[in-house]
Amino acid sequence: MPLLELPELAEWRERPVVTSGFRSLDRLLPRGGVARGSLVEWLADDEVSGATALAAAVAVGMATAAGETVGGTILVVDRGGRFYPPAVMPWLAAAGVGGRRPQCIVARPARDDDEVWAIDQALRCPGITAVLAWPRQAHPTAMRRWQLAARSSQAVGLLVRPGRARREPSWAMHRIAVAPVADGALGSRRLRLTLVDGPWSVGGLAGHERSVEVAIDLVRGREATVAEHPLIRGPHCFRQAPPQVHRPAHVPMHSQEGGRACRAS
Amino acid sequence: MPRVMTIWLPRWPVQRRLLEHPEWRSLPVFVCRREGRGAMRVVSWLWAQAMQQSRHRAGGQAVIEAPVQILEGTSLAEAMAMLSLAHGSRACHAALVEHDDPLADRLALEKLARWCRRFAPLVALENPSRPGGHPECLMVDITNTAGFFGGEESLARTAAWTLTARGIHARVAIADAPGAAWAAAHFTHRVAGCKTLSEGKPVNPVATGRDAWRRRPRRWAVVPTATMQPLAHLPAAALRLDDRTLAALDEVGVESIGDVLRLPRKSLASRFGPLLARRLAEFSGSRAEPLEPPTDAELPHAAHDFEVPVSLRDGGEALLMPLLERLVGQCVAEVAAHGKGITALQVRLDPGRAGDATRQSTAPVVIDIGVFRPSGSARHLVDLVRLRLARLRLPREIEGLAVEVIAVAAADCRQRVLFSGVAGEAAADSLLQVAMLLDRLAGRLGRGAVFEPQPVADAQPEHAWVAVPAGVRQPAAATAAARRRGDRSAADRSAADRIGGRGLAPARLAAAGRRPVWMLPRPVALETVSVMPVAGGRLSPGDGGPPLRFRWNCETHQVARAHGPERIETAWWRGPCVRRDYYVVETETGGRYWLFRRLRDGAWFLHGMFA
């Protein structure tokens, strides 16, 4: 059940809105984008749903837009130590073409209370555009602190949480359930986004889509179109192909035949 | 018998800049000063990469001088002409010209002198031999301290190596007097026949002929006590003489220190001026040359001792914080008066000794605070200390509180604007806020827990990135100024990966969509894996196709599609050779996993998830 009261909802409507970088996602959101100073919850039933990739892509897009004037910094609160930056670095590099590249900073708290504190501190900082986190514990008190911190600084909190959190109370402005769509394309990822109960239901905003499908270009971290990138193909089965080999530069290359590579000496 | 160690930092103005900008090592760097009528004179110059290449081409022979001899005082135009003759016009176009900054050079040298206190407590800067010269040597009084390092030879070697590890090229020499040590440091390759008191065997630094493969540039020398014979053959310039005196000596055929020593002492001053006699006396040790360490006036400290021990458990913390704010404020005010900010601060709580039986409880509690940017805000520093205090086990009572500034740096200057809402002002404010946030995060989580990931050109996924201390980027104006100077920041280096300013390099592009957002710290072995059979039905480790089914997290996943293999073979020098075939597999429910097969035994592992 949404916790935001009507006065806060009215204040939320006055805040500036930024595009998420995904037109499909913007159509899903009530105001056509993500309101600054708010929390967005991404609810994923498993760990391979693609919610993190989508949240990271949205963060990069928002930081790119913010970097032209102020800030442009993303802070990742990685409590579990599993965030792999090389997956996101090409997105940052691509976003920086023609302007300033967004900055990505990672914080790895060792304890749950440190994680809660770090998210709160990051959301309070006016120089931070987006905070990406996977909070293990999101007690309503802690989430209320985060919501107030984000409102004070106009930062956006992108919280990826398990699907069972749907039944828990939340202070997030938007709650989006993410489910993967099997398509087989290597360079892209299709996801189905469903809007969960949010504060707009209190105001009775009707006429918005409840579920959309979005495609992420995993190469550049933005919305994908089929014809844009040669790596994006339709679903296909595996074919035995010569392996792509990565070796250090000074190791002499061995010849390859069919799908096998010679054993290293 | 006093013993002095001299650490000579050749071309220090250039070395200081190379420490700040390591990417300049591949370019010729000139440090020049502007004289009358706009003439530019070379103060120092260096081309580090060219020197290394020439050293390799010489077959390991010690190359003491740069490939191109450009002396101090040469006009910049002439120096560029000489560089062009030796290395072509492209070297001139790529050369960097920096203005001389003696103050910054001295401050950096003083900072290094404080670092060298690990060798001995008394470290001083040399007095330049010429008026207007730049100090390039550190004098360390190692009397009765060499034993802690295993002898003077070991001490000199340790000093040279530790400085080299920091990226500083240095020559080290030990002698009885500062003058003698200075001469030995500047001519370490010519200090022959040196003997150490402990080892007793001669050291011949210059090997010839068949021993050429053992030749290494000698960077340290130890002159035995009570003898100047090993230095007798050094040129007279090693006595720190001016050009006029050297010219006068050259006229009469005096070339070496030994020749000078054989001259009658009584007539030296009248024939060659008072400088020669003074330098000779300093060289032999008959004239004292006191060492004056740099003053620490810019590193203030403040302390407060209680008349009676104060308990921290009876509301004493409420007394502690205001006192801490006052002491930190005093230090900040002193530092700010010099236009600087604090980068490192130490707070010490002295516990009470009365009634404490255990030694552990009487140990002082020391809190070291570091900030990413020089801070002039006492409130910010006190907040960082408060965060650390919350994590520590404080003593029951304390007798005193001390605050000491460990390091300072020039504070960022910002010109205030009359009208608010200016974009540049907002950008600078946001950067400052981010810096303060990083300080708070590092203060509570630890400096190693807050970092900025940087890509590394390594095929092995675990080593494809590195965590660097989170630094706050400069505002756009400063970045543009740095770009005009030819400064290449990490952000600009990434531009090298772009093709025509539009796309990514092919290698990065190919790997971009294949890397999961989540990677396990260690690959986890999968329980059961069924693989696609290859043609012929044979299946052996190293063969086979992608997995058809695997079991993970107590669930069996059916693979619908797989992409790969992406074979990664890493270098053997890092340990056991890594040979893996990676697959991006997509299950029937749309989830994606990153698996690999270890080619050594065919075992399957889960390495990442496309979360």
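What you see is a predicted model, and the numbers here were worked out from it, not measured in a lab. Note on numbering: residues in each chain are counted from 1, in written sequence order. By the order in which they are written, chains take letters starting at A while ligands take numbers starting at 1. A pLDDT threshold of at least 70 governs which residues receive local features in this predicted model, and a stricter bar of 80 or more applies before side-chain atom pairs are shown or counted, although totals over entire chains, interfaces and linings include all residues. Hydrogens are left out, water is left out, and the side-chain values use all remaining heavy atoms of the structure.

## Digging into the side chain of Glu452 of chain B
Condition: To qualify as a helix, a DSSP run of H or I must reach at least 4 residues; to qualify as a strand, a run of E must reach at least 2; elements of each kind are numbered from the N terminus. Each residue's exposure class comes from its accessible area (1.4 Å probe, protein chains only) as a fraction of the maximum for that residue type: buried when under 20%, exposed when over 50%, partly exposed otherwise. Residues adjacent in sequence count toward polar contacts only when both atoms are side-chain atoms; beyond that, a polar contact is any pair of N or O atoms within 3.5 Å, and within protein one must be able to donate a hydrogen and the other to accept it.
Topologically, Glu452 of chain B is positioned in strand 15 (residues 450-455). For Glu452 of chain B, a relative accessible area of 10% corresponds to the buried category. At 3.3 Å, the side chain of Glu452 of chain B and the side chain of Gln103 of chain A are in polar contact.

## A look at the confidence of the model for chain A
Residue and element names in this part refer to chain A. Selection criterion: Every residue is assigned a pLDDT by the predictor, reflecting its confidence on a scale from 0 to 100. Here, two residues are considered to be in contact whenever any of their heavy atoms come within 4.5 Å of each other.
Across chain A, the average pLDDT comes to 77, with 72% of residues at or above 70. Within the model, the stretch residues 200-208 combines pLDDT values under 50 with 18 contacts to residues more than four positions away or in other chains. Predicted confidence is poor over residues 227-243, with pLDDT under 50, and the contacts of this stretch with residues over four places away or in other chains come to 41 contacts.

## Digging into empty space enclosed by the protein
Rolled over the atoms, a probe as big as a water molecule pinpoints where empty space is left. What counts, and what does not: Grid spacing is 1 Å over the protein atoms alone, the probe is 1.4 Å, and a cavity is where that probe fits but cannot get out, while a pocket is an open set with protein on both sides within 12 Å along at least five of seven lines and lining residues have an atom within 4 Å of a point. Grid points are joined across faces, edges and corners, and a volume is the space filled by probe spheres set on the points.
Taken as a whole and assessed by the stated rule, the structure comprises 7 cavities of 30 Å³ or more. If you go around the largest cavity, you meet 13 residues; those closest to its centre are Met89, Leu92, Arg101 and Cys104 of chain A together with Pro453 of chain B. Breaking the lining of the largest cavity down by element, the ones donating at least two residues are helix 4 (89-95) and strand 5 (103-107) of chain A together with strand 15 of chain B. The element best represented in the lining of the largest cavity is strand 15 of chain B, accounting for 4 residues.

## Focus: helix 7 (residues 178-186) of chain B
Every α-helix carries 3.6 residues per turn, so stepping three or four residues along brings you back to the same face. Residues and elements named next belong to chain B. Most of helix 7 sits inside the fold, with 9 of its 9 residues counted as buried. What helix 7 keeps buried is the set Pro178, Gly179, Ala180, Ala181, Trp182, Ala183, Ala184, Ala185 and His186. Contacts from the buried residues of helix 7 go to strand 1 (4-8), strand 6 (137-141), strand 7 (171-175) and helix 11 (274-284).

## Description of the confidence of the model for chain B
All names here are of chain B. Residues with a pLDDT of 70 or more make up 75% of chain B, whose mean pLDDT is 78. Of the regions scoring below 50 in pLDDT, residues 58-65 engages in 13 contacts with residues more than four places distant in sequence or in other chains. Ignoring residues within four places in sequence, the model shows residues 476-507, a span with pLDDT below 50, making 34 contacts including any to other chains. Scored as a whole, the predicted complex attains pTM 0.59, and scored at its interfaces, ipTM 0.81.

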